[in-house]
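Coordinate inspection notes
Now for the letters of each chain:
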Amino acid sequence: DTEKRRILRDIASDVLPRQAKMCNIIEKGEYKMVYRRYASLYFVAGIPQGMNELIVLEQIHLFVEALDGYFNSVCELDLVFSLHKSLSILFEMFIGGMLCESNKREVLNCIIEAEALVEEMSKAGEDTSSQLDDGLSFHEQFQLGRKPGRRGGQNSQR
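Here goes a summary of the coordinates provided.

Turning our eyes to something else, we now look at the packing of helix 4 (residues 83-93) against helix 5 (residues 104-121). Helix-helix packing: each pair is described by the crossing angle between the helix axes and the interaxial distance. Between helix 4 and helix 5, the least distance of the axes is 10 Å, while the angle of their chain directions is 125 degrees. In this view, helix 4 runs oblique relative to helix 5, as classed from their interaxial angle. Considering how the two elements wind past one another, helix 4 and helix 5 form a crossing that is right-handed. Together, Lys85, Ser88, Ile89, Glu92 and Met93 of helix 4 and Val107, Leu108, Cys110, Ile111 and Glu115 of helix 5 make up the contact between the two elements. Class assignment for the residues of the contact of helix 4 with helix 5 results in six nonpolar, one polar and three charged.

Turning to the sheet that holds strand 2 (residues 31-38), a few remarks are in order. Strand order across the open sheet formed by three strands is 1-2-3, with antiparallel pairing between neighbours. Each edge of the sheet is formed by a strand with only one pairing partner; in this case those strands are strand 1 (25-28) and strand 3 (41-48). With strand direction ignored, the average angle separating the axes of adjacent strands in the sheet is 25 degrees. Helix 1 (residues 2-15) contacts strand 1, strand 2 and strand 3 of the sheet and is inclined by roughly 135 degrees relative to strand 1. Contacts between helix 2 (residues 53-71) and the sheet are confined to strand 1, strand 2 and strand 3, with strand 2 contributing the most and set at about 40 degrees to the helix.

Both strand 1 and strand 2 contribute to a ladder of four bridges, which runs antiparallel. Residue Lys28 lies in a different strand from strand 2, and its bridge partner there is Tyr31. Hairpin connection of strand 1 to strand 2: two residues between the antiparallel strands, including Gly29 at a positive phi of 65 degrees.

About the cut-offs
Residues numbered from 1 in each chain as written. Predicted model: local features only at pLDDT ≥ 70, side-chain atom pairs only at ≥ 80, totals over all residues. Heavy atoms only, no water. Axes fitted to C-alpha atoms, helices over the stretch in contact; angles between N-to-C directions. Helix = DSSP H or I, 4+ residues; strand = E, 2+ residues; numbered from the N terminus. Parallel < 35°, antiparallel > 145°, perpendicular 65-115°, else oblique. Left-handed = near helix turned anticlockwise from the far one by under 90°. Contact = heavy atoms within 4.5 Å. Nonpolar A, V, L, I, M, F, W, Y, C, P; charged D, E, K, R; others polar. Pairing = 2+ DSSP bridges.

What follows is the structure, given as C-alpha cells:
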C-alpha cells in the first residue's frame, strides 16, 4: 500500500508540472510513463522499455474517445461518480494490458447490452448499480457510495 502511494506520488510529481509542449514520454528506471492530457484530465500508462510509446498514446486516445462516446464529453465528475462504467469500458477494450477491441462502437454496444441485462435481471425499484460493481474493490465501492458486496435478485446465490 505504501509502495502504491509512493508510485502515485512519483507519477503526479513527474507529470503534472510538465508544460503542454513537452514530450509525453517520461523514462523512469526500467519503465516509461506515457501520458496524455485532455483538458484537465491526465491519462497515464506505465510501460516496459521495449514497448512502442506511440502505440500507447494512440490507445490512450482511443480509450478517451470511447469515454467521450459514452459520457458525451467526459469530465472529472464522470470518472469519479461513474467509475464502474469507466472501468467497464476499459475492461471491454483491454485484457492484460493488451488492446483487444479497437472499435469504439462495438465497445459501447457491449456496455449498453450489459447494462440492459442488469436492468432486465433486477427487480423493479431495486438499486442495480451494486450489480455493476462486481469488478470493484470494497474501497472503490465505498468511494462510490455503495454498500460493498451487496447483491440483489438472482445474483445473491453465487
